[in-house]
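# Overview (structure and organization)
Listed below are the residues making up each chain.
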Amino acid sequence: MVGGALPEDSQNTQKSNASPYPYETRTLAEIAKAELDGTVIRNRTIYIRFATHGAALTVRNLSPVVSNELLEQAFSQFGPVERTVVVVDDHGRPTGKGIVEFANKSDARKALDHCADGALLLTASPCPVILEPKEQFEDEDGLPEKLLQKSAQYYKEREHPPHFAEPGTFEFEYSSRWKALDNIEKQQKEQVDRNIIEAKEKLEAEMEAAKHEHQLMMMRQDRRRREEEMIRHREEGDVKCPPDGFKPNFTVGVNAGQKHKDRGPRCRQRVRGQKTQGLYKGDKSRGEQVKGMKQ
């Protein structure tokens, strides 16, 4: 929606009753302005001018890598966005500022509140955007003579036409003092701007150093954690597995049996005979019983 019809009283603009009327396109708004501007309705002169956007916000602290599309993606979470613009200079370089125009004022207010309470980051840099209501300027028609209120100050100021002050006169002296004050204001603003730029550069350097230190700390913590896991796994493995020098008793018997098995049937007969002799010597009754069985 663009454009707007603002009926104003030609005799007293301070008490005018302006009513915006939206149009779908700027072309339609321009046609309505051309046809209705200056017309008289119910003994009142109607003046038409383009209305400013009531839900527009200014964004500051934008990174050079932020585009119109990224700006829209970031602020669409608060509501429908009509237009987003990253402001650039005459060479196309970003100025660090942007404009976001919401479809309604409630969404714009929501974005203002959230950005004031929190820190909205558009990129990996921890530099939050600053959101402010956009200053509204009407630079289409300006202030024509017919809209000026003809007060006593108007007639007093307009007694002399535009002219240069003559040197040595009262006008020239105070004109020079006004110009000197303006130069002081300009110099102080430039100094403030330089101080802000230096402070931002210092903060950015500190931020990079802190980020590097944070990454190193995270790497050390990760290495310590992996070392602790390796030690824990090693200890758990030592509990489940026997020590390196430990050999169970059954291994000896198995190895001995394996040796006898490898030597063939004669070795097994000898072993069997040794067992039988042991029975005769160790247990007399048992030996006699075995002897009797053989007879």
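Residues numbered from 1 in each chain as written. Predicted model: local features only at pLDDT ≥ 70, side-chain atom pairs only at ≥ 80, totals over all residues. Heavy atoms only, no water.

Under the convention used in this document: UniProt positions are given in the numbering used here, feature names are shortened, and annotations may be inferred rather than shown by experiment.
An unreviewed UniProt entry annotates the protein as Pspc1 protein of Triplophysa rosa. UniProt's Subcellular location (unreviewed entry) comment on the protein is quoted here verbatim: "Nucleus speckle".

### Notes on the sheet that holds strand β4 (residues 81-88)
Under the convention used in this document: Any two strands are treated as partners once DSSP identifies two or more bridges connecting them. By the criteria applied, helices consist of DSSP H or I runs no shorter than four residues and strands consist of E runs no shorter than two, each listed in order from the N terminus. For every element, the axis is a line fit to its C-alpha atoms; helices are fit only across the contacting stretch, and the angle between N-to-C directions ranges from 0 to 180 degrees. Only heavy atoms matter for contacts: two residues are in contact if any of them lie within 4.5 Å across the pair.
If you walk across this open sheet you meet the four strands as β4-β5-β3-β6, and the pairing is antiparallel. Whereas interior strands pair on both sides, the edge strands pair on one side only; in this sheet they are β4 and β6 (130-133). Across this sheet, the average inter-strand angle for adjacent strands is 25°, counted without regard to direction. Across four bridges, the pairing between strand β3 (residues 56-60) and strand β5 (residues 94-102) is antiparallel. Directly across from A56, in β5, lies its bridge partner E101. Contacting β3, β5 and β6, helix α3 (residues 105-117) crosses the sheet at an angle of about 140° to β6.

### Considerations on the packing of aromatic side chains
As a reminder, the rule being used: Working definition: rings of Phe, Tyr and Trp (its six-membered ring) pair if their centres are within 6.5 Å, and the pair is stacked with planes under 30 degrees apart, edge-to-face with planes over 60 apart, and tilted otherwise. A simple rule labels every residue: compare its accessible area, found with a 1.4 Å probe on the protein chains alone, to the largest value its type can have, and call it buried under 20%, exposed over 50%, or partly exposed in between.
Under the definition given, this model contains three aromatic pairs. Taking the centre distance of 6.1 Å and the plane angle of 45° together, the rings of F75 and F78 count as tilted. The exposure classification of F75 matches that of F78, with both residues buried. When the ring of F170 is compared with that of Y174, the centres are 4.9 Å apart and the planes differ by 40°; the resulting orientation is tilted. Of this pair, F170 and Y174 are both found in helix α5 (residues 170-240), four residues apart, which corresponds to roughly one turn of the helix. Relative accessible area serves as the criterion here: at 35%, Y174 is assigned to the partly exposed category.

### Brief notes about the environment of G79
With respect to the helices and strands, G79 occurs in the loop between α2 (68-75) and β4. Taking the C-alpha atoms as reference points, G79 and N104, separated by 25 residues in sequence, lie 8.3 Å from one another. Among all residues touching G79, those that are not within four sequence positions of it are F102 and D107.

### What about unusual backbone geometry?
A positive phi angle, near 65°, is found at N43, a position not held by glycine. On the secondary structure map, N43 appears in the loop between β1 (39-41) and β2 (44-46). Look at N43 and you get exposed, because its relative accessible area is 77%.

### Brief notes about the nonpolar core
The cut-off we apply is this: To define a nonpolar core, start from buried Ala, Val, Leu, Ile, Met, Phe, Trp, Tyr and Cys residues and group those joined through side-chain atoms within 4.5 Å.
Within the largest apolar cluster, 21 residues are counted, with the highest numbers of intra-cluster contacts made by L62, L71, F75, F102, L122 and L131. Taken together, the elements giving at least two residues each to this core come down to β3, α2, β4, β5 and α3. Among the elements that make up this core, the one with the highest residue count is α3 (four residues).

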